Amino acid sequence: MEKWFVAAKKADFDAWSKKFHITPVTARIIRNRDILSEEEVDKYLNGTFLDMYPSELMLDMEDAAAILEEQIRGGGKMRVIGDYDVDGITSAHILTKGLRALSAKVDTVIPHRIKDGYGLNDGMMEEAYADGIKTIVTCDNGIAAASQIALAAEKKITVVVTDHHEVPYTEENGERVELLPPAAAVVDPKRADCTYPYKNVCGAVVAYKLVELLLRRAKTEPSLRQKLLDEFIQLAAVATVCDVMPLLDENRIIVKEGLKRLHDKPCMGLRALMEVNGIEPKKLSAYHLGFVIGPCLNATGRLDSAKRALELLDAEDMRLAVTVAGELQEMNDSRKLMTQKGVEEAVNYVEQNHMEQDKVLVIFLPDCHESLAGIIAGRIREKFGKPAFVLTRGEEGIKGSGRSIEAYHMYDGMTACKTLFTKYGGHKMAAGLSMREEDIPKLREALNAGCGLTEEDFIPRVHIDVPMPLAYAGKKLAEELSVLEPFGTDNPKPLFATKNVHFISGTRMGAKGSFARFRVEENGQVYEVVYFGGLDRFHAFLEEKYGKGAAEALYEKKCGYLLSITYQLGINSYKGRDEVQIVMQHFC
């Protein structure tokens with residue numbers, strides 16, 4: 001059963017309403033996003049490129065720029081090493097293209113998920129040495145690669161780390177002591193000694209900041225500089241959404257500015273992905289970035305090598321770009337089928353191993369493609385409402401990924417039993433690992449023993465922005481809510497609630513009858529409400545509350561059910577007409 005909570009954060013909503021020309025309802029929703037002052041409201045609503053924080057505020061950023069400038073002047077060969085997910089691919093492209101614009105001799109390496117694993121390894125350092133590389137720049141990795149960076153230093157290779165993941169640490173006398181890698185510069189806003197105003201940025205944003213500083217210091221011709229930054233902020237926006245970063249503060253500006261440029265003049269690779277997926281640039285939203293564009297970029301790194309995605313971003317010919325984008329789309333379709341099968345196997349594993357009482361789920365699927373472990377872990381977390389790790393058998397031992405719930409800090413939980421891993425990294429909500437197969441039972445035991453989770457932590461929480469009768473859910477408000485976009489993590493689409501809604505009748509919709517439209521009545525006024533959630537769950541609720549046959553009676557117009565509901569507001573455009581759409585989300 002869910003727990004419903006109504007946000008009760010206070011502010012002078014009438015004053016905000018008058019100053020920013022919004023309704024008090026919208027003002028209240030903004031306050032619920034932890035926006036406190038009028039200055040913050042103005043930035044939330046009107047923040048632009050000019051409101052982004054100076055790159056120099058990130059610790060070691062100027063040192064990193066100086067090192068790279070010196071290497072460029074000296075003509076030394078440089079190598080960018082990224083990662084095989086969206087954030088790592090876009091970060092690598094940003095750094096490589098930005099450095100080439102400054103005449104650097106630079107190439108790019110993206111680790112192979114299966115052959116190399118996440119981040120740096122000794123083989124990569126040996127290969128860089130053999131290739132005559134003088135400088136390595138990491139992106140979206142490196143913060144946990146102390147031994148590999150030490151090996152590079154032994155071979156006289158300068159390493160600059162740009163990352164955004166949690167810094168490894170140890171406990172000494174009850175205090176956390178960070179273990180920074182021995183790089184020439186370590187740019188990671190998660191460093192405790194970094195005072196950058198907003199720490200929750202992705203790797204592509206850190207890369208963007210470094211390139212922006214380099215271009216500015218080099219006094220790059222303004223039109224070229226702006227052209228590059230316009231492309232790079234599009235990629236940073238995609239990475240921010242796909243890496244599930246909070247869409248607040250600077251991230252909100254990055255995604256807004258990125259979408260604005262994607263609407264007007266998308267870079268070639270992303271335009272090709274939009275084309276093969278049938279997305280009109282002007283209608284592109286953060287949803288498309290996270291659930292259409294991102295998965296296509298991710299698919300190649302999951303099932304093969306991420307180099308193909310990098311080739312798409314590097315493409316300068318539209319025909320080539322569309323060809324590669326089509327391949328990525330087909331690969332993503334294949335990945336979806338494999339994921340569905342993996343989720344079914346994971347659910348069976350939980351049931352067959354009697355893991356109902358486990359607070360942290362550790363699932364071993366030896367034959368699952370290891371690239372799908374994270375996606376499957378996310379689906380299992382959603383189904384059971386618990387932190388989940390999915391482990392697979394790789395070429396060199398066990399590999400796995402985890403996805404967490406809000407109440408559980410996954411990286412800290414893993415650090416408490418780090419001796420069980422040969423390699424691990426991540427942050428509060430997600431992590432990756434390598435380990436020995438014989439230690440899987442120990443991992444299940446250790447994570448559950450030390451998780452500190454209570455039954456209260458597993459009760460789904462529904463956070464309601466504003467209790468509001470349906471009579472207030474008009475077109476004007478629905479249109480005004482667009483000022484709150486882009487929606488995403490920590491800036492969800494507003495949720496309203498009302499009680500004593502009388503359900504009159506229902507009509508199943510969709511090819512498989514998987515969603516429905518309901519006629520409801522509140523205070524003598526009739527409205528239409530649609531529901532895209534699981535109808536089976538709604539029907540089971542009606543049967544439990546009103547008796548057997550209650551669900552079918554709803555569609556036969558033989559009912560009179562009184563419910564409380566939460567809902568979202570939107571505008572449904574159909575055949576040139578715009579109408580308010582009330583979408584039910586929860587019920588009780």
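Up top is the structure.
Residues numbered from 1 in each chain as written. Predicted model: local features only at pLDDT ≥ 70, side-chain atom pairs only at ≥ 80, totals over all residues. Heavy atoms only, no water.

> How should I be thinking about the overall build of the chain in this particular structure?
Scanning the chain from N- to C-terminus turns up 20 helices and 20 strands. The C-alpha atoms of the chain give a radius of gyration of 25 Å, which matches the 25 Å a tight globule of 588 residues would have. Viewed in the frame of its principal axes, the chain has a C-alpha envelope of about 80 × 60 × 55 Å. Looking at the 588 residues of the chain, the share that counts as buried comes to 53%. Entry remark: accessible area of the chain is about 26,800 Å², with carbon and sulfur atoms responsible for 50%. Across the chain, 75 positive and 87 negative side-chain charges occur, with their mean positions spaced 4 Å apart. (Helix = DSSP H or I, 4+ residues; strand = E, 2+ residues; numbered from the N terminus. Rg over C-alpha atoms; globule rule 2.2 N^0.38 Å. Buried < 20%, exposed > 50% of the residue type's maximum accessible area, 1.4 Å probe, protein only. Areas by Shrake-Rupley, 256 points an atom, 1.4 Å probe, with all protein chains shown as cover. Lys, Arg positive; Asp, Glu negative; His and termini not counted. Charge placed at Lys NZ, Arg CZ, Asp CG, Glu CD.)

> Explanation requested: the packing of helix α5 (residues 86-101) against helix α8 (residues 203-217) in the structure shown.
Helix-helix packing is described using two parameters, namely the angle between the two axes and the distance between the axes. One can describe the packing of α5 onto α8 by two numbers: an axis separation of 8 Å at closest approach and a directional angle of 10°. In terms of orientation, α5 lies roughly parallel with respect to α8. Of the residues in α8, those in contact with Asp-87, Thr-90, Ser-91, Ile-94, Leu-95, Gly-98 and Leu-99 of α5 are Gly-203, Ala-204, Ala-207, Tyr-208, Leu-210, Val-211 and Leu-214. Of the residues that constitute the contact of α5 with α8, the class distribution is nine nonpolar, four polar and one charged. (Axes fitted to C-alpha atoms, helices over the stretch in contact; angles between N-to-C directions. Parallel < 35°, antiparallel > 145°, perpendicular 65-115°, else oblique. Contact = heavy atoms within 4.5 Å. Nonpolar A, V, L, I, M, F, W, Y, C, P; charged D, E, K, R; others polar.)

> Any chance you could explain the sheet that holds strand β13 (residues 430-435) here in plain terms?
Strand pairing in a sheet relies on backbone hydrogen bonds, with the paired strands running either antiparallel or parallel. The strand order across the open sheet formed by five strands is β9-β10-β11-β13-β12, and the pairing between neighbours is mixed. For this open sheet the edge positions go to β9 (361-364) and β12 (421-426), each flanked by a neighbour on one side alone. Adjacent strand axes in the sheet meet at a mean angle of 15°, parallel and antiparallel pairs treated alike. Lying over the sheet, helix α15 (residues 373-384) contacts β9, β10 (388-394) and β11 (397-403), oriented at roughly 45° with respect to β11. (Pairing = 2+ DSSP bridges.)

> Where do I start with the nonpolar core in this structure?
Nonpolar side chains tend to gather and get buried jointly when the protein is soluble and globular. If you look at the biggest cluster of nonpolar residues, it comprises 128 residues, and the most contacted ones within it are Leu-270, Leu-297, Phe-503, Phe-518, Phe-538 and Leu-569. In contact with Leu-569, other than residues within four places in its own chain, are Met-468, Ala-473, Gly-474, Leu-477, Ala-478, Leu-481, Lys-493, Phe-496, Val-580, Gln-581 and Ile-582. (Core = buried A, V, L, I, M, F, W, Y, C linked by side-chain atoms within 4.5 Å.)

> Whenever I open this one, the packing of aromatic side chains confuses me. Can you help?
Centre-to-centre distance and the angle between the planes together describe a pair of aromatic rings. Considering all chains together, one arrives at 17 aromatic pairs under this definition. Considering the side-chain rings of Tyr-53 and Tyr-196, the 5.8 Å spacing of their centres and the 80° angle between planes classify their relative orientation as edge-to-face. Note that Tyr-53 is positioned in the loop between α3 (38-46) and α4 (61-74) and Tyr-196 in the loop between β8 (185-187) and α8, a separation of 143 residues in sequence. Of the two residues examined, Tyr-53 and Tyr-196, each falls in the buried class. Consider the rings of Phe-518 and Tyr-555, whose centres lie 6.3 Å apart with planes at 40°: the pair is tilted. Taken together, the residues span a long stretch of sequence, with Phe-518 in strand β17 (residues 515-522) and Tyr-555 in helix α20 (residues 550-555) at a distance of 37 residues. (Phe/Tyr/Trp six-rings, centres within 6.5 Å; stacked < 30°, edge-to-face > 60°.)

> Please clarify how the packing of α5 against helix α13 (residues 307-314) should be interpreted in this entry.
Contact pair α5 / α13: the axes reach a minimum separation of 10 Å and the direction vectors enclose 45°. Viewed along their axes, α5 and α13 adopt a mutual orientation that is oblique. Of the two elements, α5 crosses α13, and the hand of that crossing is right-handed. Within the contact between the two elements, α5 uses Ile-89, Thr-90 and His-93 and α13 uses Ala-309, Leu-310, Leu-313 and Asp-314. Here the contact of α5 with α13 is built from residues that sort into four nonpolar, two polar and one charged. (Left-handed = near helix turned anticlockwise from the far one by under 90°.)

> What's the story with the environment of Val-109 in this structure? I'm lost.
Secondary-structure assignment places Val-109 in strand β3 (residues 105-109). Put simply, Val-109 and Thr-138 are 29 residues apart on the chain and 9.7 Å apart in space, counted from C-alpha to C-alpha. Discounting residues that sit within four places of it in the chain, Val-109 has contacts with Arg-79, Val-80, Ile-81 and Gly-82.

> Please explain the pairing of β3 as it appears in this structure.
The two faces of a sheet get side chains in turn, since along a regular strand they alternate between them. Sheet topology places strand β2 (residues 77-81) next to β3; five bridges connect them, and they run parallel. Residue pairing for β3: Ile-81 is matched across the bridge by Val-109. A crossover connection joins β2 to the parallel β3 through α5; in handedness this β-α-β unit is right-handed. (Right-handed = clockwise from strand over helix to strand, strands pointing away.)

> What am I meant to see in the sheet that holds strand β4 (residues 133-139) here?
Spatially, the five strands line up as an open sheet ordered β3-β2-β4-β5-β8, and their pairing is parallel. Each edge of the open sheet carries a strand with a single partner, namely β3 and β8. Averaged over all pairs of adjacent strands, the angle between strand axes in this sheet comes to 20°, irrespective of strand direction. For β2 and β4, the ladder comprises five bridges, and the chain directions are parallel. Pairing of Arg-79 across the sheet is with Ile-136, part of β4. Contacts from helix α6 (residues 122-130) reach β2 and β4 within the one sheet, and its direction differs from that of β2 by about 160°.

> Would you explain a negative patch on the surface in this entry?
Together, Glu-39, Glu-40, Asp-42 and Asp-51 make up a negatively charged patch on the protein surface. With respect to the secondary-structure elements, Asp-42 resides in helix α3. (Patch = residues over 30% accessible without salt bridge, like charges linked within 9 Å, V, L, I, M, F, W, Y side chains within 5 Å. Salt bridge = Lys/Arg side-chain N within 4 Å of Asp/Glu carboxyl O.)

> Sorry if this is basic, but what is going on with the environment of Arg-444 here?
Checked against the element boundaries, Arg-444 lands in helix α17 (residues 440-450). Classification of Arg-444 by relative accessible area gives partly exposed; the value is 29%. Note: C-alpha distance between Arg-444 and Leu-36 (408 residues apart in sequence) is 42 Å. In contact with Arg-444, not counting residues within four places along its chain, are Asn-353, His-354, Met-355, Asp-358 and Val-362.

> Is there a simple way to explain the pattern of salt bridges in this structure?
If charged atoms from side chains of opposite charge come close, those side chains can pair. Taken as a whole and judged by the stated rule, the model has 34 salt bridges. With a shortest N-O distance of 2.9 Å, Asp-107 and Arg-79 are connected by a salt bridge. Of the two residues, Asp-107 sits in strand β3 while Arg-79 sits in strand β2, which places them 28 residues apart along the sequence. Given the relative accessible area of 26%, Asp-107 is considered partly exposed. On the basis of relative accessibility, which here comes to 5%, the residue Arg-79 falls in the buried class.

> Whenever I open this one, the environment of Lys-115 confuses me. Can you help?
Relative to the assigned elements, Lys-115 resides in the loop between β3 and α6. According to the relative accessible area criterion, Lys-115 is exposed, its value standing at 62%. Separated by 280 residues in sequence, Lys-115 and Glu-395 place their C-alpha atoms 7.5 Å apart.

> I tried to follow unusual backbone geometry on my own but got confused; where do I start?
For residues that are not glycine, phi is negative in most cases, and the peptide bond is trans in most cases. Following Glu-485, the chain continues to Pro-486 via a peptide bond in cis, the omega torsion being 5°. Relative to the helices and strands, Pro-486 resides in the loop between α18 (475-480) and β16 (496-509). Positioned with a positive phi, Ser-103 is a non-glycine residue whose angle comes to about 75°. Assignment of secondary structure puts Ser-103 in the loop between α5 and β3. You can call Ser-103 exposed: its relative accessible area is 59%. A positive phi is found at Asp-249, a non-glycine position, where the angle reads about 55°. Within the secondary structure, Asp-249 sits in helix α10 (residues 249-264).

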